[in-house]
Amino acid sequence: MGYDVQAIRQQFPILNQEIHGRPLVYLDNAATAQKPIAVIDAISDYYLNYNANVHRGVHTLSQRATDAMEAVREDVRAHINAAETAEIIFTRGITDSINTIAFGMGAIVKKGQNIVITAVEHHSNIVPWQMLCQRTGAELRHLPMNEHGEVVLDGIEDIIDEHTAMVAFNHISNALGTINPVEAILERAQEVGAWTLVDGAQSGPHAKVDVRSWDVDFFTLSSHKMYGPTGLGVLYGKREKLEALPPYQGGGEMIATVTLEQSTYAGLPHKFEAGTPHIEGIIGFGAALKFINEVGVEAIAAHEKELLDYATEECASIEGFRVIGDSKNKASVLSFVVEGTHPYDLGVLLDQQGVAVRTGQHCTQPIMDAFCIDGTARASFAMYNTKEEIDLFKAALEKAVTMLR
Amino acid sequence: MATIKERQEVLVEEFEFFDEWMDKYNHIIEMGKSLGALPEEKKTDDSLVQGCQSKVWLHAEKNGDNVRFQADADAIIAKGIVAMLIDVFDNQPAKEIAAADLGFLEEIGLKDHLSPTRANGLMSMIKQMKFYALAFAG
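Peer 1: Even after reading the chapter, I still don't get the overall build of chain A, so can you show me in this structure?
Peer 2: Helix and strand content of chain A: 14 helices and 17 strands. Projected onto its principal axes, the C-alpha coordinates of chain A cover approximately 70 × 55 × 40 Å. Split into buried and exposed, the 405 residues of chain A put 50% on the buried side. Partitioning the intrachain contacts of chain A with sequence separation of at least 6 by distance along the chain shows that 71% fall at a separation of at least 24.

Okay, here's the thing in structure tokens:
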């Protein structure tokens, strides 16, 4: 049986509504994806039937909540093929994951070393490293980008050198959709013994990642971009690397013993999970993972690629339409400008016609500066979008452009 | 000369003419297009209104007891919104601008329609205009 997008849509009740009297066309999936009934039900079930704090309780509800949460840790491990569940840490999101590593590396990185990112990073994978460099005196470098929005590998040997402590970059760019040459960058980093971190914010919902085949040190995912609840991220780290880092935050759950003078820390993963975890979020994320895997990550990616190609082709006939980031190797994001219009105006008029897109700089000011633009409008696709929706989007865009010119 | 209140009434009447929000937006766009450009030398960082997703420049000058406003924006809807505010406030007494109640925004439905998006900066523009008026009135 083929990909049944209508059956999938039925799992997302939020899609079935009108905005300003028009059917909702939700194309802001790179910002956050909608949640299927299975996720909403899992969260309700937790609060209706077994809400309790985890890990410390001896009573039955606490045990059930702990079991449910820890089962998700195992599901995540299996999803990314990590070696052990202790390497899966639940965080508040990708920003929190990256800050955890960048903070911890403050104890390791020295002046004279460097950190390497790329020119297509989200602010969350720029600022924590800038802060690390300010604290340690290390140098922040980046791999440049070409006019297609692709990371350029020429000169990588000079940029990533024997003084490189960390190479951190995203798998897929949120602003442009470009799929980065992960393996080539990792290969060079590993050659010089640098640590590596891949930000999977945008790849999580579209690509299956095997952290051991990449041999990457750290990998991070965002629940809410993968049809799960907000406020939850995953940080995968190799045991030896996580053990080498000091904890990011102190508090309950992350300790072994505490006296008023000093404490010893718990082992992995708890060392990096201070405080009561986002239990409902973790349980909801477990349901989201199951849902994604039932539909099939490859089937989702193929469907979205079809939508992206269709949208790119269709919109090309709009006068002055220009794709920002026109790499052949892209996932699910159509970032664009239309000559003679401002992205903000396009966003407002699309919303008036029921179409939700994002406008602005997408937390990637350096990319916008490189393209000499103030921002873009961005349509991003998910498993539940349809070609009919792209037709509505195109018609709405044409109408907006006519009004604005 | 029409007062702030009278100018608001005229705007409300204009917008009553349109049933559909797309048509109301079209009218805002037309107002934006007919507002002249601000000379480049007046588009300074100081005149940028904070809190808008697009760039909005607002320039104010004292004219006796009154305040003259000029503005520009790189997005046409933002420019239309600021054009509407200029329509209401330009060359009005500073004291009255500072104290003015902008009921027309609610009557037109603009407040409900625009404020949730935050990015349009409607509130920031009003705040900035009143701020100038207060400074000149003092």
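Peer 1: Got a minute to help me understand the sheet that holds strand S3 (residues 92-93) of chain B in this structure?
Peer 2: Residues and elements named next belong to chain B. Reading across from one edge, S1-S2-S3 is the order of the three strands in this open sheet, with antiparallel pairing throughout. Each end of this open sheet is capped by a strand with a single partner; those strands are strand S1 (56-63) and S3. As paired strands, S1 and strand S2 (residues 66-73) are joined by eight bridges and run antiparallel to one another. Opposite Leu58, over in S2, you have Ala71 as the bridge partner. Across the sheet, helix H7 (residues 122-137) touches S1 and S2, and the angle it forms with S1 is around 20 degrees.

Peer 1: What's the story with unusual backbone geometry in this structure? I'm lost.
Peer 2: Across residues other than glycine, the phi torsion is negative in most instances, and most of the peptide bonds are trans. All names here are of chain A. The linkage connecting Leu268 with the following residue, Pro269, adopts the cis geometry, with an omega of 0 degrees. Within the fold, Pro269 resides in the loop between strand S12 (263-265) and helix H10 (279-295). Phi at Tyr227 takes a positive value of approximately 70 degrees, unusual for a residue other than glycine. Relative to the helices and strands, Tyr227 is located in the loop between strand S9 (218-222) and strand S10 (233-237).

Peer 1: It is not clear to me how the sheet that holds strand S5 (residues 114-118) of chain A should be interpreted in this structure. Could you clarify?
Peer 2: Strand pairs in the sheet, formed through backbone hydrogen bonds, run parallel or antiparallel to each other. Residue and element names in this part refer to chain A. The mixed open sheet is built from seven strands, whose spatial order is S4-S10-S9-S8-S7-S5-S6. Each end of this open sheet is capped by a strand with a single partner; those strands are strand S4 (88-91) and strand S6 (139-143). Each adjacent strand pair in this sheet contributes to an overall mean axis angle of 20 degrees, direction not counted. When strand S8 (residues 195-199) meets S9, the two strands line up parallel, connected through three bridges. Bridging from a neighbouring strand, Asp199 pairs with Thr220 of S9. Helix H3 (residues 60-80) rests against S4, S9 and S10 of the sheet, and its axis sits at about 115 degrees to S4.

What counts, and where the lines are drawn
Residues numbered from 1 in each chain as written. Chains lettered and ligands numbered in written order. Predicted model: local features only at pLDDT ≥ 70, side-chain atom pairs only at ≥ 80, totals over all residues. Helix = DSSP H or I, 4+ residues; strand = E, 2+ residues; numbered from the N terminus. Buried ≥ 20, exposed ≤ 12 C-beta atoms within 10 Å, placed from the backbone. Contact = placed C-beta atoms within 7 Å. Pairing = 2+ DSSP bridges. Axes fitted to C-alpha atoms, helices over the stretch in contact; angles between N-to-C directions.

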